[in-house]
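One-letter residues, chain by chain:
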Number of protein chains: 2
Amino acid sequence: MRRFVIGRGRNFLNRSHQQNLLSSSSSHCQSRFLSSTSVIDSPSSSSMAPTSSPAITVDSLNPKVLKCEYAVRGEIVSIAQRLQQELQTNPGSHSFDEILYCNIGNPQSLGQQPITFFREVLALCDHPSILDRSETQGLFSADSIERAWQILDQIPGRATGAYSHSQGIKGLRDTIAAGIEARDGFPADPNDIFLTDGASPAVHMMMQLLIRSENDGILCPIPQYPLYSASIALHGGTLVPYYLDEATGWGLETSEVKKQLEAAKAKGITVRALVVINPGNPTGQVLAEENQRAIVDFCKKEGLVLLADEVYQENVYVPEKKFHSFKKVSRSMGYGEKDISLVSFQSVSKGYYGECGKRGGYMEVTGFSAEVREQIYKVASVNLCSNISGQILASLVMSPPKVGDESYESYCAERDGILSSLARRAKANIGRCI
Amino acid sequence: MRRFVIGRGRNFLNRSHQQNLLSSSSSHCQSRFLSSTSVIDSPSSSSMAPTSSPAITVDSLNPKVLKCEYAVRGEIVSIAQRLQQELQTNPGSHSFDEILYCNIGNPQSLGQQPITFFREVLALCDHPSILDRSETQGLFSADSIERAWQILDQIPGRATGAYSHSQGIKGLRDTIAAGIEARDGFPADPNDIFLTDGASPAVHMMMQLLIRSENDGILCPIPQYPLYSASIALHGGTLVPYYLDEATGWGLETSEVKKQLEAAKAKGITVRALVVINPGNPTGQVLAEENQRAIVDFCKKEGLVLLADEVYQENVYVPEKKFHSFKKVSRSMGYGEKDISLVSFQSVSKGYYGECGKRGGYMEVTGFSAEVREQIYKVASVNLCSNISGQILASLVMSPPKVGDESYESYCAERDGILSSLARRAKANIGRCI
């Protein structure tokens, strides 16, 4: 099989990446209240001759949309799709027969198998009427059947096709909070969890809340995952970049962040939040706990919201490094709700699960006032709720099979197989880069 | 069982509804390009003494978020949740034991059962490894197994856990386009379909594209579904209301729309689109074809995008009325791609399916230039893709079992049972209102 691998065009990607930075949009918004009532009640010129409105052209679209760049799904993917179509309509027209899409982390598209237990539970929750059937015992593991019952019992009316609470099903949030507690050794509150369709909508939600105009800035690491530049552009804010240091393995120095913060302030930018991606994307670095403490102190001192992208928390491939959540770090420093505003993002798309298409994830929101929390809830509620399968999967990821469960051994074997394969490839990549 | 029904508080809801209109936000945005590079390259005051940034308070949030109201999940629901918690912690504390949430159409939370065939296919696609097992033949209908294979074969690598194309899996879009063609009798192009996590994100996407500032208006029916006022507020535009006429069964008169359009123009508002909800929400009216033709001509003449909310297309309860899609109507008038910009929204949450929690839906986008289409695609791509289960369900809804399929009879019985029950209750409600 002759394959063409999309995602190796580094120069092209780097160029797109530069563009992201250069085009980071900004618009000055002055809010003014214009009551619709005035429009409703006083049709002052209903006899006016109609003039044709301009047709919809690119130039008449929201300029924030135009400025937004998203290289991950940009020109390279479009070219790949064109090539694929050419291969279909005219086989042999290129020097390869198949296109592998490596432009984004999408492991199951490249053959990674899902964790069986997770899929068993999802299937049973999708079609609960087979739970009582004898054939089901032969097809599904005992603990997947038990877990499906547990989950269904947490859903009012066992209705997996009903809208849930806008933060997600309470019982699933209980499970996730318990999983966070077990991971961190500090309490987690299910009311702080907002289940979302993957991490991306959660990031957009926070940007929507925090960005008022081009004068609001968000500190983002460079290199970054282009979601951040895209989301900041869409919401009309300013990306304030800070540079990771390649020489120290893409380390994050608070002195660098501080320097960029001050530079932004000098330009009249109000910096509202600091994005930290840990473990790093695309760099893969894992921050040392000491470094994390410095970042927490920095955000506390500067009054910045700490937006902690922790979706790669299971993807640590070297034994000497360990993932610590920013919540754990801040709690271990003695900081509580009143000290630091912290949002942690998690997703079912990464880790060993790689369930990108299921669109599951959550954010844990701590250190905001009740009034601000209400606003976050309101924004979540406008989209009603995230998809229930993704919600269930997010709970499974944070509470996989345990010792003694029928699936435990096969689960461990599947998980470890995937992680060791990822680790092997991570090392191979490092070798190639050097 | 003593029940308290949420959603009967008409006065309260009406009041909230008024508030939606009154607070429909508007903000004047002047776009200015501020290159991030200037922030990157010239840290002009890195030695400046740090001053503490303001903490995150409600007053420092995005004012568009503050102005947005969403009554469907607003104060009534919060009160209900408080009451429910009180009932749990202190049974007997109220004169009722259970709370029924009727504040939003969420039929499965009130006991409506999902269509078995749909759930069979979803379960099999979630856990394809049981497709070859003999027990599966006894548990699942033959056509659900066949359909699951068909769908899996449309997904590269049969990977239901992989990100799909940002518009959705091509094979599912083919099925949906074929369903639209069968419904309308006019061609539908799978490349015009954007699969989304329910209709709400699709509506937000169009608002994000069309609204540049408070000077851009969107014509919306009153009464409306509050998603529209919420989305317009979040994107900083102006809601231009037009009133449905209760006397003619909530009819839509183009003269009224025209009057409001002119009034808005006189105030300096550029009206960009007309939202039509057909069948109506919350009014239930079904537009006559003649009326639809007048609306199409109006939008064509005025250069407005027609945003057709057609999610209730299966919910017509009187034999003398029939649903016609706006695309069918415009094509039957001889209008093609160059004549009218039209977006049709569909959802798996409504109809007889009522699969709200699955978050599936699509928009069919016609009559936009290739350049504008690219921008729509870009915005869709920033969220990667909609959830695959929702995508599959959207294809099933547009292509249910057919005569001769094993599930056909049971499918018809389930569908007709749900629709006749909904029709019975619609009539009972009309009786109560009179």
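Residues numbered from 1 in each chain as written. Chains lettered and ligands numbered in written order. Predicted model: local features only at pLDDT ≥ 70, side-chain atom pairs only at ≥ 80, totals over all residues. Heavy atoms only, no water.

1. Remarks on the overall build of chain A
Scanning chain A from terminus to terminus reveals 16 helices and 10 strands. Out of the 434 residues belonging to chain A, those deemed buried represent 60%. For chain A, contacts bridging at least 24 residues in sequence account for 72% of all contacts bridging at least 6. With an accessible surface of roughly 16500 Å², chain A has 51% of that area assigned to carbon and sulfur atoms. (Helix = DSSP H or I, 4+ residues; strand = E, 2+ residues; numbered from the N terminus. Buried < 20%, exposed > 50% of the residue type's maximum accessible area, 1.4 Å probe, protein only. Contact = heavy atoms within 4.5 Å. Areas by Shrake-Rupley, 256 points an atom, 1.4 Å probe, with all protein chains shown as cover.)

2. Thoughts on the packing of aromatic side chains
Here a ring pair, both rings aromatic, is described through the centre-centre distance and the interplanar angle of the planes. Scanning the entire structure with this criterion turns up eight aromatic pairs over all chains. Taking 4.7 Å as the distance between ring centres and 70 degrees as the angle between the ring planes, the aromatic pair formed by B:Tyr352 and B:Tyr353 counts as edge-to-face. In this structure B:Tyr352 comes out as buried when scored by relative accessible area, which is 1%. Taken together, the aromatic side chains of A:Phe117, A:Phe118, A:Tyr352, A:Tyr353 and A:Tyr411 make up a single cluster linked through ring pairs. (Phe/Tyr/Trp six-rings, centres within 6.5 Å; stacked < 30°, edge-to-face > 60°.)

3. Description of empty space enclosed by the protein
Applying the stated criterion across every chain yields a total of eight cavities of 30 Å³ or more. Looking at the largest cavity, its volume works out to about 810 Å³. The wall of the largest cavity is formed by 35 residues, among which A:Pro201, A:Asn383, B:Pro201, B:His204 and B:Asn383 lie closest to the centre. Contributions of two or more residues to the lining of the largest cavity are made by strand S4 (193–196), helix H9 (199–210) and helix H14 (370–382) of chain A together with strand S4 (193–196), helix H9 (199–210) and helix H14 (370–382) of chain B. Among the residues making up the lining of the largest cavity, the classes are represented as 17 nonpolar, 14 polar and four charged. (1 Å grid on protein atoms, 1.4 Å probe; cavity = no way out; pocket = protein on both sides within 12 Å on 5 of 7 lines; lining within 4 Å. Points joined across faces, edges and corners; volume = space filled by probe spheres on them. Nonpolar A, V, L, I, M, F, W, Y, C, P; charged D, E, K, R; others polar.)

4. Quick look at the UniProt feature "domain: Aminotransferase class I/classII large" (unreviewed entry) in chain A
Following the UniProt record, the feature "domain: Aminotransferase class I/classII large" (unreviewed entry) maps to residues 157–422 of chain A here. Between the C-alpha atoms that bound residues 157–422 of chain A there is a distance of 41 Å. The span itself is 40% helix and 16% strand. (UniProt positions renumbered as here; feature names shortened; annotations may be inferred.)

5. Some points on the pattern of salt bridges
Residue and element names in this part refer to chain A. The final tally for this structure, using the stated rule, is 34 salt bridges over all chains. The partner of Asp174 in a salt bridge is Lys170, and the shortest N-O contact between them spans 2.9 Å. A residue pair is termed a helical-turn pair when its members lie 3 or 4 positions apart in one helix, as Asp174 and Lys170 do in helix H8 (residues 170–184) at four residues. Of the residues examined, Asp174 reaches a relative accessible area of 31% and is grouped as partly exposed. (Salt bridge = Lys/Arg side-chain N within 4 Å of Asp/Glu carboxyl O.)

6. Overview of the state of the cysteines
Scanning the entire structure with this criterion turns up zero disulfides over all chains. Among the cysteines around A:Cys68, which has no disulfide bond, A:Cys220 carries the closest sulfur, lying 13 Å off. Classification of A:Cys68 by relative accessible area gives buried; the value is 1%. Summary of cysteine pairing: B:Cys125 is not part of a disulfide, and the nearest cysteine sulfur, belonging to B:Cys385, is at 15 Å. Here B:Cys125 falls in the buried class, since its relative accessible area comes to 1%. (Disulfide = S-S within 2.5 Å.)

7. Concerning the nonpolar core
Core analysis: the largest hydrophobic core is formed by 100 residues, its most contacted members being A:Met363 and B:Met363. What B:Met363 contacts, discounting residues up to four positions off in sequence, is B:Asp192, B:Ile193, B:Phe194, B:Ala202, B:Met205, B:Met206, B:Val343, B:Ser344, B:Phe345 and B:Ile376. (Core = buried A, V, L, I, M, F, W, Y, C linked by side-chain atoms within 4.5 Å.)

8. Observations concerning the domain arrangement of chain A
Residue and element names in this part refer to chain A. Segmentation of chain A into domains returns domain 1 (63–104) and domain 2 (166–398). Of the residues lining the interface, seven residues belong to domain 1; the matching set on domain 2 comes to eight residues. The interface formed by domain 1 and domain 2 includes zero salt bridges. There are zero residue pairs in polar contact (both at pLDDT 80 or more) connecting domain 1 and domain 2. (Domains from an automatic or database assignment. Polar contact = N/O pair within 3.5 Å; in protein donor to acceptor, adjacent residues only side chain to side chain.)

9. Regarding the side chain of B:Asn387
In this fold, B:Asn387 is placed in the loop between H14 and helix H15 (388–397). Separated by 2.8 Å, the side chain of B:Asn387 and the backbone oxygen of B:Arg359 make a polar contact. Looking at B:Asn387, its side chain comes within polar contact range of the main-chain nitrogen of B:Gly390, at 2.7 Å. With sequence-adjacent residues up to four places away left out, B:Asn387 is seen in contact with A:Gly357, A:Lys358, A:Arg359, A:Asn387, B:Asp197, B:Lys358 and B:Arg359.

10. Quick look at the environment of B:Thr366
Residues and elements named next belong to chain B. Mapping Thr366 onto the fold places it in strand S10 (residues 361–366). In the structure, Thr366 is positioned 173 residues away from Ile193 in sequence and 9.1 Å away in space, judged by C-alpha atoms. Setting aside residues no more than four positions away along its own chain, Thr366 makes contact with Asp192, Lys327, Arg331, Glu337, Ile340, Ser341 and Leu342.

11. Considerations on the confidence of the model for chain A
Residue and element names in this part refer to chain A. Looking at chain A as a whole, the pLDDT averages 85, with 85% of positions reaching at least 70. Confidence drops under a pLDDT of 50 for residues 8–54, and excluding neighbours within four residues, the segment shows 130 contacts in the predicted structure. For this predicted complex, the interface confidence comes out at an ipTM of 0.87, alongside a pTM of 0.87. (pLDDT = per-residue confidence, 0-100.)

12. Considerations on the pairing of S4(A)
All names here are of chain A. Along S4, one buried face is formed by Ile193 and Leu195 and the opposite face, lined by Phe194 and Thr196, is buried too. Across four bridges, S4 lies against strand S10 (residues 361–366) in antiparallel orientation. Within S10, the residue paired with Phe194 across the bridge is Met363. (Pairing = 2+ DSSP bridges.)

13. As for the sheet that holds strand S5 (residues 216–222) of chain A
Residue and element names in this part refer to chain A. Read across the open sheet, the seven strands follow the order S4-S10-S9-S8-S7-S5-S6; overall the sheet is mixed. Two strands in the sheet have a free side with no partner beyond their single neighbour: S4 and strand S6 (238–243). The average undirected angle you get between the axes of adjacent strands in this sheet is 20 degrees. Note that strand S9 (residues 342–347) and S10 share six bridges and pair antiparallel. Within S10, the position partnered with Phe345 by the bridge is Met363. Contacts between H9 and the sheet are confined to S4, S5, strand S7 (270–277), strand S8 (305–309), S9 and S10, with S9 contributing the most and set at about 155 degrees to the helix. Taken strand by strand, helix H12 (residues 289–302) contacts S7 and S8, and its axis lies near 165 degrees from that of S7. (Axes fitted to C-alpha atoms, helices over the stretch in contact; angles between N-to-C directions.)

14. Section: the sheet that holds strand S8 (residues 305–309) of chain B
Residues and elements named next belong to chain B. A sheet is described by the order of its strands in space; here seven strands give the open sequence S4-S10-S9-S8-S7-S5-S6, paired in mixed fashion. Two strands close off the open sheet at either side, each with one partner strand: S4 and strand S6 (238–243). Across the sheet, the mean angle separating the axes of adjacent strands is 20 degrees when strand polarity is ignored. Pairing between strand S5 (residues 216–222) and S6: six bridges, direction parallel.

15. Some points on the pairing of S6(A)
Most of S6(A) sits inside the fold, with five of its six residues counted as buried. Chirality of the crossover, the property in question, places the unit of S5(A), helix H10 (residues 227–234) of chain A and S6(A) among those that are right-handed. (Right-handed = clockwise from strand over helix to strand, strands pointing away.)

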